[in-house]
Amino acid sequence: MSMGTGVKPAAGRDRVVTMAMMVLRVGFVAAAVVGLGHMFGLVDSVGAIHLVAGILALVGALVAGVRMLVLGRGGGLPLLGVVIGVAGAVGMLTRSLPGLAHLLLLVAAVGMTEASAAKLKRS
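All of these numbers come straight from a predicted model, not from anything done at the bench. Every residue gets a number counted from 1 within its own chain, in the order that chain's sequence is written. This being a predicted model, a pLDDT of at least 70 is required before a residue's local features are given, and a value of 80 or more before pairs of side-chain atoms are given or counted; all residues contribute to the totals for chains, interfaces and linings. Just so you know, side-chain values use all the structure's heavy atoms and leave hydrogens and water out.

Quick word on the confidence of the model for the chain
- As a per-residue measure, pLDDT reflects the predictor's confidence and takes values from 0 up to 100. The share of residues in the chain with pLDDT of 70 or more is 90%, and the mean pLDDT across the chain is 86.
- Under the DSSP-based scheme used, a helix requires at least four consecutive residues in state H or I and a strand at least two consecutive residues in state E, with every element numbered from the N terminus. Averaged pLDDT values for the elements of the chain fall to 88 in helix H4 (residues 99-122) and rise to 93 in helix H1 (residues 15-39).

Focus on the pattern of salt bridges
- Whenever a carboxyl oxygen of Asp or Glu lies within 4 Å of a side-chain nitrogen of Lys or Arg, that contact is scored as a salt bridge. Summed over all chains, the structure comprises 2 salt bridges.
- Among the salt bridges present, the one from Asp-14 reaches Arg-67, with a minimum N-O distance of 2.8 Å. Of this pair, Asp-14 sits in the segment before H1 while Arg-67 is found in helix H2 (residues 47-71), placing the two residues 53 residues apart along the sequence.
- Given a relative accessible area of 14%, Asp-14 falls into the buried group.
- Here Arg-25 and Glu-114 are joined by a salt bridge, their closest N and O atoms 2.8 Å apart. Of this pair, Arg-25 sits in helix H1 while Glu-114 sits in helix H4, placing them 89 residues apart in sequence. Burial status follows relative accessibility: with a 1.4 Å probe on protein chains alone, a residue under 20% of its type maximum counts as buried, one over 50% as exposed, and anything between as partly exposed.

Section: the environment of Leu-104
- Tracing the chain through its elements places Leu-104 in helix H4.
- For the pair Leu-104 and Asp-44, spaced 60 residues apart in the sequence, the C-alpha separation amounts to 21 Å.

With respect to the side chain of His-102
- Tracing the sequence through the fold places His-102 in helix H4.
- According to the relative accessible area criterion, His-102 is buried, its value standing at 15%.
- Contacts were defined at the residue level, with two residues in contact if any of their heavy atoms lie within 4.5 Å. With residues up to four places along the chain from it excluded, the contact list for His-102 reads His-50, Gly-88, Ala-89, Met-92 and Leu-97.

Remarks on a nonpolar patch on the surface
- Patch criteria: residues need more than 30% relative accessible area and no salt bridge. Like-charged residues are merged within 9 Å; nonpolar side chains of Val, Leu, Ile, Met, Phe, Trp and Tyr are merged within 5 Å. Residue-level accessible areas treat just the shown protein chains as cover; the underlying method is Shrake-Rupley with a 1.4 Å probe. A surface patch of nonpolar side chains, about 500 Å² in accessible area, is lined by Val-16, Leu-51, Ile-55, Val-59, Val-63 and Leu-93.
- Top contributing element to the nonpolar patch by residue count: H2, with 4 residues.

Topic: the environment of Val-33
- Of note, Val-33 is situated in helix H1.
- Each C-alpha atom, one on Val-33 and one on Leu-62, is 22 Å from the other, the two residues being 29 residues apart in sequence.

Thoughts on the nonpolar core
- Here, nonpolar core means buried Ala, Val, Leu, Ile, Met, Phe, Trp, Tyr and Cys residues that are tied together by side-chain atoms lying within 4.5 Å of each other. Ranked by size, the top nonpolar core spans 12 residues in total: Val-17, Ala-20, Met-21, Leu-24, Ala-57, Ala-61, Ala-64, Met-68, Val-82, Val-110, Ala-117 and Leu-120.
- Looking at this core, the elements that each hand over two or more residues are H1, H2 and H4.
- Beyond its immediate stretch of four places on either side in the chain, Ala-61 contacts Leu-24, Pro-78, Val-82 and Thr-113.

Here it is as structure tokens:
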């Protein structure tokens, strides 16, 4: 009879990757909404909220990528997405990148991570 005290692996999907992807999605959606609102002049002085949401998204992608590497299931693409995301963030912070290019780089970074997570879920 099982008393529920044993540690067992997650059934199917990995729980760490699932949680990291949830954090990534929430951070990305929050950053996108605030960023687009600022780009179109609907909201003002929300830079700190946008920055924190973007950092949250990149941390989620980093955790998912590292966990996929640990599992041996192709974590290179999410980590490349993190590098592209950091490059897009640095480009925007140094004012050497226009807002639309910043948005496209971050969408590509999140897309890479989502593609890897979907591949992991299927395997």
